[in-house]
Amino acid sequence: PASATAAASAAVDPPHGSRAEADRLGASLKELADADARIVFVGDPGGTDPRLVLPGNAVRTAKYSFLTFIPRNLFEQFRRLAYVYFLAIAVLNQLPQLAVFGRGASVLPLAFVLLVTAVKDAYEDWRRHRSDRAENGRAAAILDPAGSGQFRPRRWKDLRVGEVIKVLADQSIPCDMVLLATSDPTGVAYVQTINLDGESNLKTRYAKQETMSRLPSTIAGSVATVIRCETPNRNIYGFHANLEVDGKRVSLGASNIILRGCELKNTAWAIGVAVYTGIETKVMLNSSGATSKRSRLETHMNRETLLLSAILITLCSAVSICNGIWLAIHRDELELSQYFRKRDYSGGDEKYYNYYGIAMQVFFVFLMAVIVFQIMIPISLYISMELVRLGQAYFMIRDNNLYDESSSSRFQCRALNINEDLGQIRYVFSDKTGTLTENKMVFQCASIRGIDYSEGKDPSPNGSDVYYFWRPKMLVKTDPKLVRLLRSEGETQEGKHARDFFLALAACNTIVPLIVGTPDPKQKLIDYQGESPDEQALVYAAAAYGYVLIERTSGHIVIDVLGDRQRWSSLLCLPD
């Protein structure tokens, strides 16, 4: 429509504006020196940076291997001071001079608790190995190096730096790759970075026009196509590189790279070249691995063990000192004491048993007292705790109140050592809203040209009879007066202002609509994705009043205005 031209000319497509700004900033970056850069030949993994031994794309998040499980698991378990104490007691009880209980009986409790914990840790690590195998065994489409121009399937773990990869919609990115081409004519791709930064909103990434205009097979076959990029680092928000195509150098920035773990959304396909693989990807460099977690209760028990150990040492010292005093007083009477001295007259020589002098006797009595009083630190408490944790994990996993019907998944207990810490919060550190809150914006009312439309709300979401075919995912209550004004056939100044208002809400944004089918063939569910929850709330409000954004590309948008589908061209304003 003619009236739409003026409105569209005022709406600058923000993704393109961001792209122009990113390109300008990228061009201002200093050039990378060859000594500080990684040289990647596009489509030629064998010739990529011969100075370095580049890792494969396999990742490993498991803590143990078959050979390291026993020593490392024992080291982790003996970080509990009580286990060191029980081990010392078991070793002392093996000495003939100090044996108080049966030698086997002193070892069995510690062996049992170590075995139960080891089985639990082995099960947790087995699940990590299983997840790693599933991740490394996923298939990716790789450009045939023979030059056929076809993409062949290959496992993720076999990918190498320099290979050209094709990713389809809703697929995960197998490695950090620089975009070469996308299904959009202008090179725009939308990705979801929820696995990286927890943000569910879509981000925009771009392919350079120098590579968009060429077929992937010709790019890979050109020896002049080279990427010089920075060495691997943990910064997921920055990227410094440049691309050389047929002698022309083009700068690359963070908007031109897609990181491993992202998902391609609202884009049919994207083609890129791998620059970082495996442990060199940014997501793996930021991963701390499987850490050993200890609950607050366990930390408290370690402190209690130290206190009880001090009391035990004091008590045993008192017993040994008293024993030394008694031996000194009855030194001359020990000849007749069977517990300290006994003569062997069979050989004619004197032989002493069980007595090694007062100093050694005091030391032995001290150690024997430690064994006798070992019940001050009960090993049964630790056995009970391990069994209770297993039971807690079972009941949490089987709890129907923790079952998510939308994803058909149950509660997962990934660390059995910290069950008791659930719900125990001491400190809260928050950097922004959204960390603690849902960060969900809801459209409440509107004031258009000084007229307030907030007198009443339709109890039925989405205006009841406002619209039927398109059903927005977020429900918005509407104002009946405003609904009647928008649907009235008569042209009034107030109605024109209201229509322009909601048309601007539907058009002037960076929202990407995702259309999902429903069981009802006469109805479509529409989900709006974007970086700003404010924009999402406004676009959902426009849809509730009948101005439904149903398509967005880099060159145009399509809005369904109360059943009348309208196409609007996006005008790009470039900085001087």
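Residues numbered from 1 in each chain as written. Predicted model: local features only at pLDDT ≥ 70, side-chain atom pairs only at ≥ 80, totals over all residues. Heavy atoms only, no water.

Q: Where do I start with the overall build of the protein in this structure?
A: The number of helices and strands found in the protein is 15 helices and 21 strands. When each of the 576 residues of the protein is scored for burial, the buried share is 42%. In the protein, 65% of the contacts between residues at least 6 apart in sequence involve partners at least 24 apart. As displayed, the protein offers around 31,200 Å² of accessible surface, 58% of which is attributable to carbon and sulfur atoms. (Helix = DSSP H or I, 4+ residues; strand = E, 2+ residues; numbered from the N terminus. Buried < 20%, exposed > 50% of the residue type's maximum accessible area, 1.4 Å probe, protein only. Contact = heavy atoms within 4.5 Å. Areas by Shrake-Rupley, 256 points an atom, 1.4 Å probe, with all protein chains shown as cover.)

Q: Just to check I follow, could you spell out a nonpolar patch on the surface for this structure?
A: Among the surface-exposed residues, Phe112, Leu387 and Leu390 lie close enough to one another that they form a single nonpolar patch of about 260 Å² accessible area. Structurally, Phe112 can be placed in helix α5 (residues 103-136). Note on Phe112: relative accessible area 39%, which makes it partly exposed. (Patch = residues over 30% accessible without salt bridge, like charges linked within 9 Å, V, L, I, M, F, W, Y side chains within 5 Å. Salt bridge = Lys/Arg side-chain N within 4 Å of Asp/Glu carboxyl O.)

Q: For this particular structure, what's the right way to read the sheet that holds strand β6 (residues 188-192)?
A: Across a sheet, strands are paired by hydrogen bonds formed along the backbone, either parallel or antiparallel in direction. Strand order in this open sheet of three strands is β7-β6-β12, and the pairing throughout is antiparallel. The open sheet has two free edges, formed respectively by β7 (202-206) and β12 (263-265), since each of these has just one partner strand. Across this sheet, the average inter-strand angle for adjacent strands is 45 degrees, counted without regard to direction. Note that β6 and β7 share five bridges and pair antiparallel. What sits directly across from Gln192, in β7, is Leu202. (Pairing = 2+ DSSP bridges. Axes fitted to C-alpha atoms, helices over the stretch in contact; angles between N-to-C directions.)

Q: Explain the nonpolar core here, please?
A: If you look at soluble globular proteins, the nonpolar side chains tend to sit buried side by side. In this structure, Ile165, Ile227, Cys229 and Phe239 are the most contacted members of the largest nonpolar core, which totals 40 residues. Those elements that provide at least two residues to this core are β2 (139-143), β4 (164-168), β5 (176-182), β6, β8 (226-230), β9 (241-245), β11 (257-258) and β13 (269-276). When residues of this core are assigned to their parent elements, the largest contribution, six residues, is made by β13. The residues touching Ile227, leaving out its near neighbours within four places in the chain, are Arg38, Ile39, Val40, Val42, Val178, Ala241, Asn242, Leu243, Leu252 and Val273. (Core = buried A, V, L, I, M, F, W, Y, C linked by side-chain atoms within 4.5 Å.)

Q: How should the pairing of strand β21 (residues 564-569) be read in this particular structure?
A: Residues in a regular strand project their side chains so that they alternate between the two faces of the sheet. In this structure, strand β20 (residues 556-561) lies alongside β21, joined through six bridges in antiparallel fashion. Residue pairing across strands places His556 opposite Ser569, the latter belonging to β21. Counted along the chain from β20 to the antiparallel partner β21, the turn is two residues long, and its residue Leu562 has a positive phi close to 50 degrees.

Q: Got a minute to help me understand unusual backbone geometry in this structure?
A: A positive phi is found at Asp170, a non-glycine position, where the angle reads about 70 degrees. Within the fold, Asp170 resides in the loop between β4 and β5. We note that Asn266 has phi near 55 degrees; this positive angle belongs to a residue other than glycine. Structurally, Asn266 can be placed in the loop between β12 and β13. Given a relative accessible area of 33%, Asn266 falls into the partly exposed group.

Q: Help me understand the pattern of salt bridges in this model?
A: Side chains that carry opposite charge are capable of pairing whenever their charged atoms lie near each other. According to the stated counting rule, one finds 15 salt bridges in the structure shown. Ionic pairing is found between Lys265 and Glu263, a salt bridge with its closest N-O pair at 3.4 Å. Taking the relative accessible area as the measure of exposure, Lys265 reaches 17% and is therefore buried. Looking at Glu263, the relative accessible area reads 22%, which means it is partly exposed. Its salt-bridge partner being Asp527, residue Lys473 comes within 3.8 Å of it at the nearest N-O pair.

Q: I would appreciate a short explanation of the sheet that holds β13 in the present structure.
A: With antiparallel pairing, six strands are arranged side by side in an open sheet as β3-β2-β4-β13-β5-β11. With one partner strand each, in any of the chains shown, β3 (151-155) and β11 form the two edges of the open sheet. Looking at chain direction, β4 and β13 are connected through five bridges and run antiparallel. Residue Val167 lies in a different strand from β13, and its bridge partner there is Ala270.

Q: What's the story with the environment of Ala139 in this structure? I'm lost.
A: When you line up the elements, Ala139 lands in strand β2. For Ala139, a relative accessible area of 59% corresponds to the exposed category. Sequence separation between Ala139 and Trp156 is 17 residues, and the spatial gap between their C-alpha atoms is 5.9 Å. Aside from chain neighbours lying at most four places away, what touches Ala139 is Arg154 and Trp156.

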